[in-house]
Amino acid sequence: MPEFLDNVTAGDALALIPALEDDSIHCCISDIPYGINLDEWDVLHQNTNSALLGQSPAQRGKSGFKRRGKPIRGWSEADRSIPKEYQAWCYNWASQLYPKMKDGASVFIFGARRTLHRAIVALEDSGFLLKDILAWEKNSAHHRAQRISIVLSRRGLVDEADKWSGWRLGNLAPIWEPIAWLFKPYPHTITDVVVKNEVGAVNTAAIQANGKNPTNLVKRWFAKDEQRWHEAQKPVSIMEFLIKLSTREGHIVLDPFAGSGSTAIACQRLGRRFICFEINDDFVAISKYRLSLSTVDTSPSESVTPTQIAMFDANAASDILVSE
Ligand SMILES: C[S@@+](CC[C@H](N)C(=O)[O-])C[C@H]1O[C@@H](n2cnc3c(N)ncnc32)[C@H](O)[C@@H]1O
């Protein structure tokens, strides 16, 4: 366990979580894969529908949703089984996570609005209880909703195009993302668990804004100088909000799906210990590099190569979807 502390460890969370000590984690904060085919790491099913494998002309050269050029219509059995496969994948790690958390500890899970319920059920089936679903409000939202009149015009259906003027194919601009807030059940009372494990209470004073207590609608965004390294990167400020809300200095925060290390950086800034796992070696290197920048010694870490930095530079990432 000491080898994991204040470190981003390369590897599969499903293999690494069992190596943690039981009852050792004060809080788990993780932006888990969403199961929406955002990238290779987000494909958590066996569906071999060609629309999901980047084969259609519409998908070539596109950066976001590489493996899903067409919507899932739910027509085939394989399409319908994707959510179930995602839930089974979540259960695999959530059930291993359960014994590692302290009684009363919080688990915050970022997810997609259309798949998070599956992760919640998997966490419940593993023993956790749902406390709330926070709404994280973003500054901007990527939105694509094609005008159906244009599609109909291209088919030569002039009357239909006129009839459907003003209508679009798609949903509303996704300006918020859900964060499921669960906790591990505890014996006796909440006060007993606060005294024994130092978890279960919320530090609203630490996150007050203009003297007002926080609500479960949380608006946070990237700092001006916050570089983008990951297509699903979260602002350090939203991680800081959750950490301040639920932990004390010196507490251990786990992020099993760490990406570019936003949770680790927030922990480092706030004096919390962190344990992060990440399966992609490039993101491990990026995390270590980001951590090296935010310590007192600002010399660049040697664990990240110039090629890796170039791969993830802000310009390259700027046209990539953030989360959804
Ligand atoms: C949504 S992203 C996290 C992004 C992160 N919040 C950030 O700010 O950069 C999820 C990450 O989980 C990683 N991942 C996927 N499967 C994993 C596994 N089995 N074990 C560890 N990491 C995994 C992916 O490589 C990806 O970087």
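Nothing here was measured: the structure is a model prediction, and the numbers come from that model.

Engineer: Describe the overall build of the protein chain, with residues and values.
Structural biologist: Within the protein chain, the regular secondary structure consists of eleven helices and ten strands. Relative to its 324 residues, the protein chain shows a buried fraction of 35%. Partitioning the intrachain contacts of the protein chain with sequence separation of at least 6 by distance along the chain shows that 70% fall at a separation of at least 24.

Engineer: Tell me about the nonpolar core, and please be specific about residues and values.
Structural biologist: Of all hydrophobic cores here, the largest spans 68 residues; its most connected members are Val107 and Ala119. Here the element with the most residues in this core is helix H7 (residues 236-246); it accounts for seven residues. Discounting residues that sit within four places of it in the chain, Val107 has contacts with Cys28, Met101, Leu123, Phe128, Leu182 and Phe183.

Engineer: Provide a residue-level description of the environment of Ile175, including the pertinent values.
Structural biologist: Examined against the element boundaries, Ile175 turns out to sit in the loop between strand S6 (168-169) and strand S7 (176-183). Ile175 gets classed as partly exposed once you count the C-beta atoms within 10 Å, which come to 13. Between the alpha carbons of Ile175 and Lys138 there is a distance of 5.5 Å; along the sequence they are 37 residues apart. Residues contacting Ile175, with those up to four places away along its chain left out, are Glu137, Lys138 and Ala141.

Engineer: Break down the site of the ligand for me, with residues and values.
Structural biologist: In the vicinity of the ligand, 19 residues are found, and the nearest of them are Asp31, Phe257, Gly259, Ser260 and Ser262. Looking at the shell around the ligand, the elements that each hand over two or more residues are helix H1 (13-16) and strand S10 (273-278).

Engineer: So what's going on with the sheet that holds strand S1 (residues 7-10)? Residues and values would help.
Structural biologist: Strand order in the open sheet formed by eight strands is S1-S10-S9-S2-S3-S7-S4-S8, with mixed pairing between adjacent strands. A single partner strand is all that each edge strand has here, and the edge strands are S1 and strand S8 (217-219). Recorded for the sheet is a direction-independent mean angle of 20 degrees between the axes of neighbouring strands. Bridge count between strand S4 (residues 129-137) and S7: eight bridges; the pairing is antiparallel. Pairing of Ala135 across the sheet is with Pro178, part of S7.

Engineer: Explain the pairing of S10 to me, and be specific about the residues and the numbers.
Structural biologist: The buried fraction of S10 amounts to five of the six residues, a majority that puts the element mostly inside the structure. Pairing analysis gives four bridges linking S1 to S10, with the strands arranged parallel. Each residue of the ladder has a partner; that of Thr9, found in S10, is Phe277. Pairing of strand S9 (residues 252-255) with S10 involves four bridges; the strand directions are parallel. Looking at the pairing, Val253 lines up with Phe274 of S10. Where the polypeptide runs from S9 across helix H8 (residues 262-270) and back to S10, its parallel neighbour, the crossover connection is right-handed.

Engineer: Requested: an account of unusual backbone geometry, with residues and values cited.
Structural biologist: Positive phi is not limited to glycine here, since Asp23 has a value of about 55 degrees. Structurally, Asp23 can be placed in the loop between H1 and strand S2 (25-31). Located in the positive-phi region is Asn210, a residue other than glycine, with phi close to 50 degrees. Take Asn210: it is sitting in the loop between helix H6 (190-197) and S8.

Engineer: How would you summarise the confidence of the model for the protein chain if you had to cite specific residues and measurements?
Structural biologist: When pLDDT is averaged across the protein chain, the result is 85; 79% of the residues are at 70 or more. Below pLDDT 50 for its whole length, residues 63-69 participates in 23 contacts with residues either more than four positions away or in separate chains. Contacts of residues 296-324 to residues separated by more than four positions or lying in other chains number 43 contacts, the stretch itself having pLDDT below 50.

Engineer: Account for the packing of helix H2 (residues 77-97) against helix H3 (residues 116-125), with residues named and values stated.
Structural biologist: It is the contact of H2 with H3, at a shortest axis distance of 8 Å, that shows an interaxial angle of 40 degrees. Classified by the interaxial angle, the pair formed by H2 and H3 is oblique. For the crossing formed where H2 meets H3, the hand is right-handed. Counting all contacts with H2, which are made through Pro83, Tyr86, Gln87, Cys90, Tyr91 and Ala94, the residues of H3 involved are Arg118, Ala119, Val121, Ala122, Leu123 and Asp125.

Engineer: Give a description of the packing of H8 against helix H9 (residues 281-294) that names residues and reports values.
Structural biologist: At a closest axis distance of 9 Å, the pairing of H8 and H9 adopts a crossing angle of 20 degrees. With respect to H9, the axis of H8 lies roughly parallel. As for the relative orientation of H8 and H9, their crossing is right-handed in sense. Each of Ala264, Ile265, Gln268 and Arg269 in H8 lies in contact with H9, whose residues at this interface are Ser287, Arg290, Leu291 and Ser294. Residues of the contact of H8 with H9, tallied by class, amount to three nonpolar, three polar and two charged.

Engineer: Lay out H3 in plain terms, naming residues and giving numbers.
Structural biologist: When H3 is considered as a whole, its buried residues turn out to be Leu116, Arg118, Ala119, Ile120, Ala122 and Leu123. Positioned one or two residues after H3, Gly127 has a phi angle of 120 degrees, which is positive.

Reading the values: rules and limits
Residues numbered from 1 in each chain as written. Predicted model: local features only at pLDDT ≥ 70, side-chain atom pairs only at ≥ 80, totals over all residues. Helix = DSSP H or I, 4+ residues; strand = E, 2+ residues; numbered from the N terminus. Buried ≥ 20, exposed ≤ 12 C-beta atoms within 10 Å, placed from the backbone. Contact = placed C-beta atoms within 7 Å. Core = buried A, V, L, I, M, F, W, Y, C linked by C-beta atoms within 7 Å. Near = placed C-beta within 6 Å. Pairing = 2+ DSSP bridges. Axes fitted to C-alpha atoms, helices over the stretch in contact; angles between N-to-C directions. Right-handed = clockwise from strand over helix to strand, strands pointing away. pLDDT = per-residue confidence, 0-100. Parallel < 35°, antiparallel > 145°, perpendicular 65-115°, else oblique. Left-handed = near helix turned anticlockwise from the far one by under 90°. Nonpolar A, V, L, I, M, F, W, Y, C, P; charged D, E, K, R; others polar.

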